[in-house]
Amino acid sequence: NDAIGVLTEEQIGKLSTDQISGLLSTQMAGFSAAQLGKFSSAQMGALSAVQVGALITDQIAGFSADQIGQLSNAGTTGLKATQIAAMTETQLEGLNVAQAAALTAAQVAALTPADIEKFTPDEIGAIGAKVIGSLKPEAVAALSAEQIAKLSPDQIKGLASKQIVMFTADKLAGFSPAQMSAMTA
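Residues numbered from 1 in each chain as written. Predicted model: local features only at pLDDT ≥ 70, side-chain atom pairs only at ≥ 80, totals over all residues. Heavy atoms only, no water.

### A short note on the overall build of the protein chain
(1) Moving on: On a plain count of helices and strands, the protein chain comes out with 22 helices and zero strands.
(2) Moving on: Dimensions of the protein chain, computed from the C-alpha atoms along their principal axes, are close to 60 × 25 × 20 Å.
(3) Moving on: Per-residue burial for the protein chain yields a buried fraction of 38% across its 185 residues.
(4) Moving on: Within the protein chain, contacts between residues separated by at least 24 positions form 73% of all contacts whose residues are at least 6 apart in sequence.
(5) Moving on: Just so you have it, the protein chain exposes about 8,600 Å², and 57% of that area is on carbon and sulfur atoms.
(6) Moving on: Charge separation in the protein chain, taken as the distance between the mean sites of 10 positive and 16 negative side-chain charges, equals 7 Å. (Helix = DSSP H or I, 4+ residues; strand = E, 2+ residues; numbered from the N terminus. Buried < 20%, exposed > 50% of the residue type's maximum accessible area, 1.4 Å probe, protein only. Contact = heavy atoms within 4.5 Å. Areas by Shrake-Rupley, 256 points an atom, 1.4 Å probe, with all protein chains shown as cover. Lys, Arg positive; Asp, Glu negative; His and termini not counted. Charge placed at Lys NZ, Arg CZ, Asp CG, Glu CD.)

Below, the structure is given as structure tokens:
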């Protein structure tokens, strides 16, 4: 860990993706937030779920939105709820559709209304039907009309009544016939 903590930006840039993917969780703990902020797109994509999960929230703070977007789907699944909760809105903007589809129930449960507002409609539409029910009711209330339009009937079926009641009359008026049918199915 001590050896990792003294790596320069140039040395970090020279680490191959094989070297990155071979790092142990304990070694990942040796990186500072500033060092992690220097990881390239390829290096970010090489991080495993275990490696990402081993990072503390202060380390996650070192990642830019672009770097977050370069995590592989497997790396994304390694994010703990506490790590997602600690991400800035700017960092969350870095998530892409494939990563949104890979989010777990625990990760979705960590999303706040402010977080939800940063998701594009397509990212909301990509969240798994089996995990979207983990959204906090107040996060459901924060969904925009554009985001709601991307909810599939299966996603609507995945919402509990405590979430459905969060839709205002204006938002319900924008539901498609298929979405309305899914609520009553």
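### Observations concerning the packing of aromatic side chains
(1) Moving on: Applying the stated criterion across every chain, the model contains two aromatic pairs.
(2) Moving on: Centroid distance F31 to F39: 5.3 Å. Interplanar angle 90°. Geometry classified as edge-to-face. Neither F31 nor F39 differs from the other in exposure class; each is buried.
(3) Moving on: Plain terms: the ring middles of F167 and F175 are 5.1 Å apart, the flat faces sit at 75° to each other, and that makes the pair edge-to-face. With respect to burial, F167 and F175 carry one shared label: buried. (Phe/Tyr/Trp six-rings, centres within 6.5 Å; stacked < 30°, edge-to-face > 60°.)

### Quick look at the side chain of Q107
(1) Moving on: If you trace the backbone, Q107 turns up in helix α14 (residues 105-109).
(2) Moving on: One polar contact links the side chain of Q107 to the main-chain carbonyl oxygen of T76, over a distance of 2.8 Å.
(3) Moving on: Excluding residues that lie within four positions of it along the chain, Q107 makes contacts with T76, T77, G78, L79, I84 and A102. (Polar contact = N/O pair within 3.5 Å; in protein donor to acceptor, adjacent residues only side chain to side chain.)

### Some words on the environment of S41
(1) Moving on: Tracing the sequence through the fold places S41 in helix α6 (residues 41-46).
(2) Moving on: Considering only alpha carbons, one finds S41 and A169, 128 residues apart in sequence, at a separation of 43 Å.

### Some thoughts on the pattern of salt bridges
(1) Moving on: Taken as a whole, this structure holds five salt bridges when the rule is applied.
(2) Moving on: For K118, the salt bridge goes to E89, with nearest N and O atoms at 3.7 Å. Taken together, the residues span a long stretch of sequence, with K118 in helix α15 (residues 113-118) and E89 in helix α12 (residues 89-93) at a distance of 29 residues.
(3) Moving on: Given a relative accessible area of 28%, K118 falls into the partly exposed group.
(4) Moving on: Taken together, the shared-partner salt bridges connect E89, E93 and K118 into one network. (Salt bridge = Lys/Arg side-chain N within 4 Å of Asp/Glu carboxyl O.)

### Concerning the side chain of Q99
(1) Moving on: Turning to its location among the elements, Q99 is positioned in helix α13 (residues 97-102).
(2) Moving on: Within polar-contact distance, the side chain of Q99 engages the backbone oxygen of L71 at 3.0 Å.

### Quick notes on the environment of A98
(1) Moving on: On the secondary structure map, A98 appears in helix α13.
(2) Moving on: By relative accessible area, A98 is classed as partly exposed at 36%.
(3) Moving on: Through-space distance from the C-alpha of A98 to that of D122 is 9.9 Å; in sequence the pair is 24 residues apart.

### Quick notes on the environment of A42
(1) Moving on: Along the chain, A42 falls in helix α6.
(2) Moving on: The class of A42 is partly exposed, set by a relative accessible area of 46%.
(3) Moving on: Each C-alpha atom, one on A42 and one on S16, is 8.6 Å from the other, the two residues being 26 residues apart in sequence.

### Things to note about the confidence of the model for the protein chain
(1) Moving on: With 99% of its residues at a pLDDT of 70 or more, the protein chain shows a mean pLDDT of 93.
(2) Moving on: Summarising per-element confidence for the protein chain, the mean pLDDT is lowest in helix α1 (residues 2-5) (82) and highest in α6 (97). (pLDDT = per-residue confidence, 0-100.)

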